[in-house]
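Single-letter residue listing:
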Amino acid sequence: MFRILRIRYFDHIRNEEVLQRSKLPTLSKIIARRHLRLAGHVIRMDENRIPKKAFRWVPPGGRRDRGRPRLTWRRTFINNLKTLNIPWDEAEDLAFNRTQWRALLLNADRLDRAEYCIARNVSKTSQKQVPV
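Residues numbered from 1 in each chain as written. Predicted model: local features only at pLDDT ≥ 70, side-chain atom pairs only at ≥ 80, totals over all residues. Heavy atoms only, no water.

An unreviewed UniProt entry annotates the protein chain as Endonuclease-reverse transcriptase originating from Ameiurus melas.

Next up, the structure:
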């Protein structure tokens, strides 16, 4: 990227500036869009398919054991939906209409901010739990 834009190390240009010059989306935005794209495939699957069962699975008793990961793929998907102000039921309806789902993915510019906020919250909670 730096070579394409003819930026040298000694120019001391921040990465955000390079992204603005290149007019490319951030990596977190690309990942969030891919998560939503995959979620659309999973939502459209038959109920007896294993990925769909895993997507809807809730641990018995609603809780997991100690030490579980803080952020699951499903929670990331739900957080992305919240950022876009789309309830779960509406997301399922949109996923079955592929043209609307694609339009949602193309116009999902707010996802970048959502991923940043999620990452910040996860890092704050992980810092609190470190024994001194």
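### Concerning the overall build of the protein chain
The condition that has to hold: To qualify as a helix, a DSSP run of H or I must reach at least 4 residues; to qualify as a strand, a run of E must reach at least 2; elements of each kind are numbered from the N terminus. Exposure categories follow from relative accessible area, calculated using a 1.4 Å probe and restricted to protein chains: below 20% of the type maximum is buried, above 50% is exposed, and the middle band is partly exposed. The criterion used for residue contact is that any of the two residues' heavy atoms lie within 4.5 Å. Values of accessible area rely on a 1.4 Å probe in the Shrake-Rupley scheme; residue burial ignores everything except the protein chains shown.
Scanning the protein chain for helices and strands turns up 7 helices and 0 strands. Tracing the protein chain from N to C terminus, the helices and strands come up as α-α-α-α-α-α-α. Taking all 132 residues of the protein chain together, the buried fraction comes to 27%. Across the protein chain, contacts joining residues at least 24 apart in sequence account for 56% of those joining residues at least 6 apart. A total of about 10,500 Å² of accessible surface is found on the protein chain, and carbon and sulfur atoms cover 53% of it.

### Overview of helix 4 (residues 73-83)
Definition in use: Arc definition: it is the arc formed by the directions from the helix axis to the C-beta atoms.
All of the buried residues along helix 4 are Thr76, Phe77, Asn80, Leu81 and Thr83. Projected down its long axis, helix 4 shows its buried positions confined to an angular sector of 160°, all on one face.

### Brief notes about the pattern of salt bridges
This is how it is decided: Salt bridges are defined by distance alone: a side-chain nitrogen of Lys or Arg within 4 Å of a carboxyl oxygen of Asp or Glu.
What the rule picks out here adds up to 3 salt bridges. Among the ionic pairs, Glu16 bridges to Arg14, the shortest N-O distance being 3.4 Å. Given a relative accessible area of 61%, Arg14 falls into the exposed group. Between Arg56 and Glu92 there is a salt bridge, with the nearest N and O atoms lying 2.4 Å from each other. One end of the pair, Arg56, is in helix 3 (residues 50-56); the other, Glu92, is in helix 5 (residues 88-96), and 36 residues separate them in sequence. Taking the relative accessible area as the measure of exposure, Arg56 reaches 36% and is therefore partly exposed.

### A word on the nonpolar core
Considering soluble globular proteins, one finds that nonpolar side chains tend to be buried as a cluster. Filter applied, for reference: Buried Ala, Val, Leu, Ile, Met, Phe, Trp, Tyr and Cys residues form a nonpolar core when they are joined through side-chain atoms within 4.5 Å.
Among the nonpolar cores identified, the biggest contains 17 residues, and Leu36, Phe77, Leu81, Leu84, Ile86 and Trp101 are the most heavily contacted of them. Only helix 2 (27-44), helix 4, helix 5 and helix 6 (98-106) provide two or more residues apiece to this core. The element best represented in this core is helix 2, accounting for 4 residues. Non-local contacts of Phe77, meaning those with residues more than four positions away in its chain, are made with Leu36, Ala39, Ile43, Phe55, Trp88 and Trp101.

### Some remarks on the packing of helix 2 against helix 4
Geometry of a packed helix pair, given as the angle between the helix axes and the separation of the axes. Put simply, the rule is: Helix axes are fitted only over the stretch in contact, all axes being lines through C-alpha atoms; the angle between N-to-C directions runs from 0 to 180 degrees. Working definition: roughly parallel below 35 degrees, roughly antiparallel above 145 degrees, roughly perpendicular at 65 to 115 degrees, and oblique for all remaining angles.
Interhelical geometry of helix 2 versus helix 4 gives an angle of 105° and a closest axis separation of 10 Å. Classified by the interaxial angle, the pair formed by helix 2 and helix 4 is roughly perpendicular. Along the contact surface, helix 2 presents Ala32, His35, Leu36, Leu38, Ala39 and Ile43, while helix 4 presents Trp73, Thr76, Phe77, Asn80 and Leu81.

### Concerning the packing of aromatic side chains
The following threshold applies: Whether two aromatic rings pair depends on their centres lying within 6.5 Å, for rings of Phe, Tyr and Trp, where Trp uses its six-membered ring; planes under 30 degrees apart make the pair stacked, over 60 edge-to-face, and the rest tilted.
Under the counting rule described, the total for this entry stands at 5 aromatic pairs. Between Phe55 and Trp88, the aromatic rings sit 5.6 Å apart at their centres with planes inclined by 20°, giving stacked as the arrangement. Of this pair, Phe55 sits in helix 3 while Trp88 sits in helix 5, and the two are 33 residues apart along the sequence. Of the residues examined, Phe55 reaches a relative accessible area of 5% and is grouped as buried. Pairing Phe77 with Trp88 gives two aromatic rings, centres 5.5 Å apart and planes at 80°, and the pair type is edge-to-face.

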